[in-house]
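# Structure at a glance
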Amino acid sequence: MPLFRRLLLLFSLFYLAAAEIRVFEFRSDGHPIIPIDEFGFTPRGQLELNVTHLSLSQTPDSQALSNVGFFLCTRDAWMHVLQQIEDGVINCVLRSEFVKKVFTLDQLQPPSATEFNRFYAELNSDQYTLVFANCIQQLKVTMKVRSAMYNLEGRENGRDYLPAGKTILPRVYFLLSLVYFVLAAIWIHILYKKRATIFRIHFFMLAVVILKALNLLCESEDKYYIKRTGSAHGWDVLFYIFSFLKGISLFTLLVLIGTGWSFLKPYLQDKEKKLLMIVIPLQVVANIAQVVIDETGPLAQNWITWKQVFLLIDVICCCAVLFPIVWSIKNLREAARTDGKAAVNLMKLTLFRHYYIVVICYIYFTRVVVYALETITSYRYLWTSVVAGEIATLAFYVFTGYKFKPEAHNPYFVVDDEEEEAAAVQLKLGDQFEM
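Residues numbered from 1 in each chain as written. Predicted model: local features only at pLDDT ≥ 70, side-chain atom pairs only at ≥ 80, totals over all residues. Heavy atoms only, no water.

## Re the overall build of the protein
Within the protein one finds twelve helices and nine strands. For the protein, the residues scored as buried account for 46% of the 435 residues in total. Partitioning the intrachain contacts of the protein with sequence separation of at least 6 by distance along the chain shows that 80% fall at a separation of at least 24. (Helix = DSSP H or I, 4+ residues; strand = E, 2+ residues; numbered from the N terminus. Buried < 20%, exposed > 50% of the residue type's maximum accessible area, 1.4 Å probe, protein only. Contact = heavy atoms within 4.5 Å.)

## Observations concerning the side chain of T104
Summarising the element assignment, T104 is placed in strand β5 (residues 100–104). T104 gets classed as buried once you look at its relative accessible area, which sits at 6%. Among the polar contacts listed, one links the side chain of T104 to the side chain of D106, at a separation of 2.4 Å. Not counting residues within four places of it along the chain, the set of residues in contact with T104 comprises L65, S66, V68, G69 and L94. (Polar contact = N/O pair within 3.5 Å; in protein donor to acceptor, adjacent residues only side chain to side chain.)

## Digging into the sheet that holds β5
The sheet built from four strands is open, its strands ordered β2-β7-β4-β5 with antiparallel pairing. The sheet is open, and its two borders are formed by β2 (33–41) and β5, each paired with just one other strand. Shown here is a sheet whose adjacent strand axes are inclined to one another by a mean of 20°, direction ignored. With six bridges joining them, strand β4 (residues 68–73) and strand β7 (residues 126–134) adopt antiparallel strand pairing. For C73, the partnering residue across the bridge sits in β7 and is T129. Against the sheet, helix α3 (residues 75–87) engages β2, β4 and β7, with an angle of about 130° to β4. (Pairing = 2+ DSSP bridges. Axes fitted to C-alpha atoms, helices over the stretch in contact; angles between N-to-C directions.)

## Let's talk about the packing of helix α5 (residues 200–229) against helix α11 (residues 383–403)
Two elements in contact, α5 and α11, have axes separated by 11 Å at closest approach and are oriented at 160°. Accordingly, the angle class assigned to the pair α5 and α11 is roughly antiparallel. Helix-helix and strand crossings are classified by hand; for α5 and α11 the assignment is left-handed. On α11, the residues touching M205, V208, V209, K212 and L216 of α5 are E390, T393, Y397, T400 and G401. Within the contact of α5 with α11, the residues separate by chemical class into five nonpolar, three polar and two charged. (Parallel < 35°, antiparallel > 145°, perpendicular 65-115°, else oblique. Left-handed = near helix turned anticlockwise from the far one by under 90°. Nonpolar A, V, L, I, M, F, W, Y, C, P; charged D, E, K, R; others polar.)

## Overview of the nonpolar core
Grouped together as the largest cluster of nonpolar side chains are 50 residues, with contacts concentrated most on Y355 and V359. At eight residues, the largest contribution of residues to this core is made by helix α4 (residues 169–193). Not counting residues up to four positions away in its chain, the partners in contact with V359 are V321, L322, I325 and F396. Of all hydrophobic cores here, the second largest spans 30 residues; its members include V68, A113, L130 and M149. (Core = buried A, V, L, I, M, F, W, Y, C linked by side-chain atoms within 4.5 Å.)

## Observations regarding the packing of helix α6 (residues 235–259) against helix α7 (residues 270–296)
Here α6 crosses α7 at 155°, and the two axes come no closer than 10 Å. It follows from the interaxial angle that α6 and α7 lie roughly antiparallel. In terms of crossing hand, the pair formed by α6 and α7 is right-handed. Residues D236, Y240, S243, F244, G247, I248, F251, T252, V255, L256 and T259 of α6 form the contact with α7, whose own contacting residues are E272, L275, L276, V279, I280, Q283, V284, N287, V291, D294 and E295.

## What about unusual backbone geometry?
Residue Q109 is joined to P110 through a cis peptide bond whose omega torsion reads -10°. Summarising the element assignment, P110 is placed in the loop between β5 and β6 (116–122). Of note in this structure, H233 is not a glycine but carries a positive phi near 55°. Residue position: H233 is located in the loop between α5 and α6.

## Observations regarding the packing of aromatic side chains
Scanning the entire structure with this criterion turns up 15 aromatic pairs. With centroids separated by 5.5 Å and ring planes inclined at 85°, the aromatic side chains of Y224 and Y225 adopt a geometry described as edge-to-face. A residue is classified by how much of its surface remains accessible, and Y225, at 28% relative accessible area, is partly exposed. Consider the rings of Y355 and F404, whose centres lie 5.0 Å apart with planes at 80°: the pair is edge-to-face. With a gap of 49 residues between them, Y355 in helix α10 (residues 342–376) and F404 in the loop between α11 and α12 (417–429) connect regions that are remote in the sequence. Taking the relative accessible area as the measure of exposure, Y355 reaches 1% and is therefore buried. Members of the aromatic cluster, connected to one another through ring pairs, are Y355, Y362, F396, F399 and F404. The aromatic ring of Y192 is capped on one face by R195, whose charged end is 4.4 Å from the ring centroid. In this arrangement the basic side chain of K405 is found over the ring face of Y402, its NZ or CZ atom lying 3.9 Å from the centre. (Phe/Tyr/Trp six-rings, centres within 6.5 Å; stacked < 30°, edge-to-face > 60°. Lys NZ or Arg CZ within 6 Å of the ring centre and 35° of its normal.)

Below, the structure is given as structure tokens:
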């Protein structure tokens with residue numbers, strides 16, 4: 001693959017959600033380009049770079065070492081740099097006027113130094129990537145890199161380690177967690193008022209809402225401590241725990257609702273149990289992949305593989321939860337032809353058909369639309385994609401609770417002949433319920 005395409009691919013794969021203080025180790029690394037971190041700067045942006053245990057496989061002269069070092073670059077500027085390389089204008093990215101040099105190894109004092117510290121102020125607001133470039137062929141570099149990027153805010157020059165477009169996320173997550181705690185309280189009130197008609201599935205729905213609230217609360221604290229100190233101070237562990245429990249419980253709930261467990265039938269069929277036995281382990285693997293992706297970054301070995309595994313599993317689980325809904329619709333259609341309760345089954349069919357459509361819309365919006373928003377939105381407004389995804393999730397939770405709330409259903413209620421005949425005719429037409 002030509003150098004131009006390799007550099008384009010490597011740079012395009014790089015993306016990090018939050019630029020907390022990061023530490024990386026390179027051992028005999030000969031890659032020409034290594035993206036280290038990405039950050040949205042305001043006009044008061046700062047970069048602190050600390051490199052220790054520096055050693056080179058060769059001892060190039062001082063002029064050659066000017067082709068080895070660190071620089072900042074925006075994504076738009078990077079395209080110009082790649083074009084310059086392809087056109088033969090430059091043979092090293094550090095020679096381009098489109099990059100901002102932070103430190104090159106010819107600046108080492110003394111030249112044999114094995115460590116250095118660099119402070120760099122960025123006065124132009126934009127989304128920058130910190131990159132290490134090695135333009136000397138067959139030169140391998142070993143070093144330990146600590147990078148800290150932040151924006152100064154207020155008169156006291158307090159440090160904000162969250163990118164410019166995500167600095168309000170702690171408040172967003174905290175407010176959303178309060179909303180879910182309120183929903184949990186409302187659901188408890190509903191269960192108490194209609195305790196004579198509740199099923200086990202309703203308690204499971206309460207558990208999912210509470211786990212979602214705790215997950216958002218921990219994410220709020222995680223982002224708050226990163227914002228103030230550059231480190232999560234252990235809140236990331238709690239966030240991953242509740243994210244793991246929330247993910248498993250949500251997909252399990254969707255499968256159980258789709259099967260009609262508890263409120264349509266008291267048991268699960270073998271195929272439904274097998275589906276759960278597939279979805280739950282997949283969610284375990286997906287959460288492990290998410291932790292690896294978030295905590296290691298693109299520099300880690302097999303990071304791309306873990307990213308692909310996570311996306312694949314997420315797609316499989318999203319598709320899997322649709323099968324039980326289709327099975328329930330099919331079973332209700334067959335029952336309507338034999339048990340003489342066309343009106344009742346028509347209502348159930350309508351409910352499951354609507355839920356099927358809403359689940360598809362929810363999956364599409366949170367997996368496709370939110371990603372598109374994140375891709376096309378300016379770095380200053382990256383928080384909008386997070387808010388859009390969370391609002392869609394909140395709406396889905398509310399819809400699910402409203403449609404499947406406890407109700408006093410009498411399976412032997414009497415409907416008049418006209419309603420029964422009209423329902424029977426509609427079920428015979430039936431094409432609108434085909435999946």
